[in-house]
Amino acid sequence: LERQSVRKQHSETVFTQDGNPKFNEIIDLGKVRLDDTLSFTVNSSYFETRLTNPINWQLGTARVRVSDFIANSVCEEDENEAKVSFWMTDPSSGTIVFDYDLINPCVLKVSYDRTSINCGLSPKILQTGMEEDPNGNKQTEYPKHVFIMTRGTRGDVQPFIALARGLAEEAGWLVTICTEERYRPLIERYSEVSQGKIQFKVSGGDTEERIDGAVSKWAFNQKSDLLQMVILGRSEREFFDTEPAFYYWASRLQPDLIMFGFTVANMAMILSESLQIPMIGFLLQPTGIPSKQYPSVVPLDWAMKPETAHKWNYRIKLFFENNPIDNTAMLNSMRANRGLSPFSHRVNNLTLMMKQNVPLVIPINETAFGGRPDDWNEHAVLTDFIFLRNGAVPNLKPKFMKIILDAHANREPVVVLCFSSMPVGRIRILEMCLMILNQCEMKPRVIGLIGNRAMAEIPSEAQTAKSIKIEEEAAEHVSTGRLLIEGGAPFSKLFPLVDFVLMHGGLGTTAECLLAGVPCMVSGVLLLDQRFWGRRVFELGVAPEPVHINELEKVIVKNVDVALSPGSSYAAKAEEIAKLLKSKNVGTGVNINVRAVVDLAEKARPVLVHRESITKKGSRFARELAKDLSAVAKDEVVAASGLAAKKVKSSARPIARSIHDRLQRNSHLIPGLVKTTVLHNGYELREKFKYNVKQRALKREHES
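As the structure is a prediction and not an experimental result, all values here were calculated from the model.

Some remarks on the confidence of the model for the protein chain
Summing up the model confidence of the protein chain, the mean pLDDT is 80 and the portion of residues at 70 or higher is 77%. Averaged pLDDT values over the elements of the protein chain bottom out at 48 in helix H15 (residues 459–462) and peak at 97 in strand S9 (residues 145–149). Across residues 455–459, confidence stays below pLDDT 50; counting only partners more than four residues off in sequence or on other chains, it has seven contacts.

Here you go:
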C-alpha cells in the first residue's frame with residue numbers, strides 16, 4: 001500500500017505483505033485512504049533440469065487507487081465478498097501481459113470484505129446469478145461503433161478526444177478510445193455527452209515515462225538529421241508490444257470502423273485485414289505520407305530532396321519493423337500470428353494504404369500546411385485544426401491574470417515559454433527565462449510553463465552550484481512579479497493575452513498560437529514534425545527560423561526583442577494569418593472533422609489481402625534491405641560529393657600499382673601456390689603472378 005507524501009513529489013510505502021500468501025488468507029491493510037495506491041506483484045520461480053537454484057521471474061504487476069479499486073468491484077446482493085479484476089502489466093514497460101498465443105490477457109482477481117468499507121463508496125451490486133458484461137456495453141442502439149486506437153504523448157491523444165466528442169454529440173456514434181492508462185482520467189472527464197457514448201479501453205504502455213528515460217533524452221537532444229530519421233523509423237516499432245491489447249478489444253467489441261493514429265498504422269492494418277473491419281486514418285503527422293512536396297524529416301544540417309528523405313525513411317522504417325537481430329516484436333511475426341501474409345522488404349504500410357486508397361483525415365488547415373499535395377490519394381483530405389473545448393476547459397488561475405494585467409498596466413509585453421512533455425529540463429527553461437528578463441531591451445515579463453519538471457525529478461542537476469544559483473535568481477524575479485513559474489495552462493485562454501510564445505512546435509501548440517495571432521518561435525529538441533512546423537511558421541512570416549535548444553541561447557535575446565519591437569513584421573503577419581484562418585472555420589474545428597469522418601466512413605473498406613513479392617526468410621530480407629540502403633546511399637554520395645569521389649578514385653590507382661609491384665618483388669617469400677582475388681582485372685593479375693613464380697623456379701633450377 002503506497003501513500004502520496006505531503007508535498008506530493010513521491011510516494012511512500014505504508015504497508016507491505018511479503019512472501020506467498022496462504023490460500024484464502026485475509027490481509028488486514030489497516031487504515032486506508034481513498035487516494036492510496038494498491039500495488040500487486042506476481043512472481044514465479046521454476047527450475048531448469050541442470051540448475052540447483054530456481055529461476056525467479058516477475059510475471060507482472062497491477063497498480064490501482066483505492067477509490068478505483070472499490071468503484072470497479074462487483075458484488076452479489078446477498079454476499080459480503082466484493083470482487084475486482086486487474087490486467088497484469090510488465091513492470092519495465094507498462095505493457096499488458098498476455099498468454100503465449102497473444103489472445104487473452106493475464107488477469108489478477110482480488111476480493112475484499114465490503115462490510116469493512118465505510119467511505120461513501122460501494123461496489124456494484126448484481127442480482128444473484130447475473131454476470132457483468134466484460135465489455136461494458138449496456139446500450140447497442142448506435143448508428144455506428146468506431147474503435148479509435150492511438151498511443152503517444154498527450155498531444156497525440158487529445159485531438160482524438162475532441163473528435164470522439166463530436167462523433168458522439170453530432171452523429172450519435174458509440175466511440176471506444178483505446179490508449180494508455182495515463183489518459184483514462186482525461187478521457188473520462190470529457191466523456192459526458194448528450195447522445196452517443198464515449199468509453200475507454202486500456203492498451204497498456206506509458207509513452208511519457210519512456211520519453212523521460214536517459215537514452216530517450218540523449219537521443220531527442222541530438223541535432224543529427226540521420227538520428228531523427230532513425231527515431232521516425234522506430235516510431236511505430238516502439239508501440240508493437242501493444243498489438244495484443246488492440247487485437248483483444250477489436251475482436252471482442254467488433255466495431256463497424258477502426259480509426260488509427262500515425263504511431264499505430266501497421267497494427268491497424270493487421271486488425272482491419274484479419275478481422276475484416278473497414279479502417280480510416282486520423283493523422284496528426286502527415287509528413288510521414290509519401291509526397292514530393294515535403295521531406296519526411298525537415299533537415300537542419302544539410303539540404304535533402306523530399307524523395308530522397310522518404311526513401312531513407314522507408315528503408316530505416318522497414319529495417320526496424322523487421323529487424324532480424326531484435327525479433328521480440330517483428331511486424332511479419334505479428335502478421336503471421338494473426339494468419340496474414342508477411343510484408344516483403346519493399347512494402348511500406350503508408351505507401352500500401354495510398355495504393356489501396358485508404359481514407360485519411362488530416363486535421364490541419366490547408367493554408368497553414370502549405371496546400372494539399374497533388375500526389376496524395378483522392379481519399380486523403382486536409383480539414384482544419386481541431387481543439388478540445390467545452391466547459392471542462394479550466395479558466396486561467398489568478399496568478400496568470402495578475403502578471404498579465406500588471407504587465408499591461410505598465411505597458412510591458414508578456415512572453416510565454418512552453419515545451420510540453422519534450423525532454424527540456426527545468427533548469428534549462430529557467431535559464432532561458434532569466435536571459436529574457438535580464439538581457440532583452442523590451443523588458444518583458446515572463447511566464448514559464450515547466451509541466452511536471454520538479455526539483456525532485458532531477459537531483460543530479462539540482463545539486464550543482466549553477467542550478468542552485470539559477471533557482472535562487474528565478475525565485476527573486478517571482479517575488480517581484482516579473483516571472484511566473486507554473487506547471488501548465490489552457491493555451492486557448494492564455495495565448496490571446498500574451499505578446500510572444502517560445503514553444504516546442506507540436507501541432508496543437510502551433511495551431512493555438514496561429515489562431516491567437518501571436519508571433520512565436522520554435523525551439524526545443526525539434527523532434528520529427530516539430531521541425532516541419534518550425535519551418536512552416538517561419539515561411540508564414542510569424543516567426544524567426546527554428547533553432548535547436550542547444551543553440552537557443554545564441555539568438556533568444558535578439559529574436560525576442562525583434563518580435564516585441566514596435567511595428568514588428570512578425571506581429572503584423574501573425575494577426576493577418578489569424579484572421580485568414582478564422583475566416584475559413586469559426587469554432588473548434590470539430591464540425592468539419594466530424595463531417596469528413598462521417599463522409600469517408602462510407603468509402604472505408606477493410607485492407608486488401610497483401611500478396612506482392614512476399615519474402616519469408618530473414619536472411620534474404622536482410623540482404624535485399626541492405627542492398628536497397630546501399631543503393632540509396634550511393635546515389636546521395638554521388639550527387640552530393642562527385643568531386644570527392646573522383647579524387648578518391650584517382651588516388652586509388654597508384655596505391656593499387658604499388659601493392660601490385662610489392663607482391664611481385666616478394667613473391668619468392670610466399671610458399672606454395674597462393675590464390676589471390678582482386679576485384680579489378682583479378683584473372684590477369686593472378687595468371688601473371690603464377691607465371692612469375694614459375695619463371696623464378698626454372699631460373700633457380702637452371703643455376704643449380
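Next comes the rest of the account.
Things to note about the sheet that holds S9
One open sheet accounts for seven strands, arranged S11-S10-S9-S12-S13-S14-S15; its pairing is parallel. One side of each edge strand has no neighbouring strand; the edge strands of this open sheet are strand S11 (197–202) and strand S15 (380–382). The average angle at which neighbouring strand axes cross in this sheet is 20°, direction not considered. Bridge count for strand S12 (residues 257–260) against strand S13 (residues 279–282) is three bridges, and the pairing is parallel. Within S13, the residue paired with Met259 across the bridge is Ile280. Across the face of the sheet, helix H8 (residues 265–275) comes into contact with S9, S12 and S13 while running at roughly 170° to S12.

Overview of the packing of aromatic side chains
For the coordinates displayed, the defined rule picks out 16 aromatic pairs. Both rings, one in Trp87 and one in Tyr248, keep their centres 5.1 Å apart while their planes meet at 80°; by these two values the pair is edge-to-face. With Trp87 in strand S6 (residues 81–87) and Tyr248 in helix H7 (residues 243–253), this residue pair connects regions lying 161 residues apart in the sequence. On the basis of relative accessibility, which here comes to 13%, the residue Tyr248 falls in the buried class. Relative to Phe532, the ring of Phe369 has its centre 5.3 Å away and its plane inclined at 40°; by these criteria the two rings are tilted.

Comments concerning a negative patch on the surface
A cluster of acidic residues, Glu77, Asp78, Glu79, Glu81 and Asp113, forms a negative patch at the surface. Its location among the elements puts Glu81 in strand S6.

A look at the pairing of S13
In S13, alternate side chains face the same way, and those of Met279 and Gly281 on one face and Ile280 and Phe282 on the other are all buried. You can see the chain leave S12, run along H8 and come back into S13, and the turn it takes is right-handed. Pairing analysis gives two bridges linking S13 to strand S14 (residues 360–362), with the strands arranged parallel. When the sheet's bridge partners are listed, Phe282 is paired in S14 with Val361.

Observations regarding the packing of helix H14 (residues 426–439) against helix H16 (residues 465–480)
Contact geometry of H14 with H16 gives a least axis separation of 10 Å together with a crossing angle of 50°. Judged by the angle between their axes, H14 and H16 are oblique. Between H14 and H16 lies a crossing of left-handed hand. Contacts between H14 and H16 involve Arg426, Ile427, Leu430, Glu431, Leu434, Leu437 and Asn438 from the first element and Lys466, Ser467, Ile470, Glu471, Glu473, Ala474 and His477 from the second. A breakdown of the residues in the contact of H14 with H16 according to their chemical character gives six nonpolar, three polar and five charged.

As for the side chain of Glu412
Topologically, Glu412 is positioned in the loop between helix H13 (398–409) and strand S16 (414–418). Looking at Glu412, its side chain comes within polar contact range of the side chain of Arg482, at 3.3 Å.

Quick notes on the sheet that holds strand S18 (residues 483–486)
Here five strands make up an open sheet; going across it, the order is S18-S17-S16-S19-S20 and the pairing parallel. Of all the strands in the sheet, just S18 and strand S20 (520–522) have a single pairing partner and so form its edges. Within this sheet the neighbouring strands show an average axis-to-axis angle of 15°, counted without direction. One ladder, built from three bridges, connects strand S19 (residues 500–503) with S20; its direction is parallel. Considered in S20, the bridge of Leu502 is made with Met521. Along the sheet, H14 makes contact with S16, strand S17 (445–449) and S18, crossing S17 at roughly 170°.

Some words on the nonpolar core
Counting 166 residues, the largest nonpolar core has Met149, Phe260, Phe385, Ile447 and Leu494 as the members making the most contacts within it. If near-sequence neighbours (up to four positions away) are discounted, Phe260 is found in contact with Met149, Phe160, Ala265, Ala268, Met279, Ile280, Gly281, Phe282, Leu283, Met353 and Leu360. With 16 residues, the next largest nonpolar core counts Leu38, Cys75, Ala82 and Phe86 among its residues.

Concerning the pattern of salt bridges
With the rule as written, the count across this model stands at 23 salt bridges. Two residues, Glu236 and Lys317, come together in a salt bridge whose shortest N-O distance is 3.0 Å. One end of the pair, Glu236, is in the loop between helix H6 (225–233) and H7; the other, Lys317, is in helix H9 (residues 306–321), and 81 residues separate them in sequence. There is no split in this pair, since Glu236 and Lys317 are both buried. Between Glu321 and Lys317 there is a salt bridge, with its nearest N and O atoms 2.7 Å apart.

Points about helix H22 (residues 590–601)
The first and last C-alpha atoms of H22 sit 16 Å apart over 12 residues, in line with the 16 Å expected at 1.5 Å per residue. Check the buried side of H22 and you find it contacts helix H2 (154–171), S12, S13, S14 and S15.

Quick look at the pairing of S17
The buried count for S17 comes to five of five residues, which makes it a mostly enclosed element. Where S16 meets S17, five bridges bridge the pair, whose relative direction is parallel. Among the inter-strand pairings, Val416 is bridged to a residue of S17, identified as Ile447. As a crossover connection, the stretch from S16 through H14 into S17 is right-handed.

Notes on unusual backbone geometry
In this structure, Arg411 is a non-glycine residue whose phi angle is positive, near 55°. Look at Arg411 and you get exposed, because its relative accessible area is 80%. The phi angle at Lys443 is positive, at roughly 50°, despite the residue not being glycine. On the secondary structure map, Lys443 appears in the loop between H14 and S17.

Structural notes on helix H21 (residues 569–584)
When the terminal C-alpha atoms of H21 are compared, their 23 Å separation across 16 residues agrees well with the 22 Å that a helix rising 1.5 Å per residue should span. Listing the buried residues of H21 in full gives Tyr570, Ala574, Ile577, Ala578 and Leu581. What you see down the axis of H21 is that its buried residues fit within an arc of 105°, all on one side. Summarising the geometry of H21, the exposed residues directed more than 90 degrees from the buried face are Ser569, Lys579 and Ser583. Taken together, the buried residues of H21 touch helix H12 (366–369), helix H18 (507–516) and helix H20 (556–564). Two or three places before Tyr570, at the opening of H21, Ser568 has a side-chain oxygen 3.2 Å from that residue's backbone nitrogen.

What counts as what
Residues numbered from 1 in each chain as written. Predicted model: local features only at pLDDT ≥ 70, side-chain atom pairs only at ≥ 80, totals over all residues. Heavy atoms only, no water. pLDDT = per-residue confidence, 0-100. Helix = DSSP H or I, 4+ residues; strand = E, 2+ residues; numbered from the N terminus. Contact = heavy atoms within 4.5 Å. Pairing = 2+ DSSP bridges. Axes fitted to C-alpha atoms, helices over the stretch in contact; angles between N-to-C directions. Phe/Tyr/Trp six-rings, centres within 6.5 Å; stacked < 30°, edge-to-face > 60°. Buried < 20%, exposed > 50% of the residue type's maximum accessible area, 1.4 Å probe, protein only. Patch = residues over 30% accessible without salt bridge, like charges linked within 9 Å, V, L, I, M, F, W, Y side chains within 5 Å. Areas by Shrake-Rupley, 256 points an atom, 1.4 Å probe, with all protein chains shown as cover. Salt bridge = Lys/Arg side-chain N within 4 Å of Asp/Glu carboxyl O. Lys, Arg positive; Asp, Glu negative; His and termini not counted. Charge placed at Lys NZ, Arg CZ, Asp CG, Glu CD. Right-handed = clockwise from strand over helix to strand, strands pointing away. Parallel < 35°, antiparallel > 145°, perpendicular 65-115°, else oblique. Left-handed = near helix turned anticlockwise from the far one by under 90°. Nonpolar A, V, L, I, M, F, W, Y, C, P; charged D, E, K, R; others polar. Polar contact = N/O pair within 3.5 Å; in protein donor to acceptor, adjacent residues only side chain to side chain. Core = buried A, V, L, I, M, F, W, Y, C linked by side-chain atoms within 4.5 Å. Expected span 1.5 Å × (residues − 1). Arc of directions from axis to C-beta.

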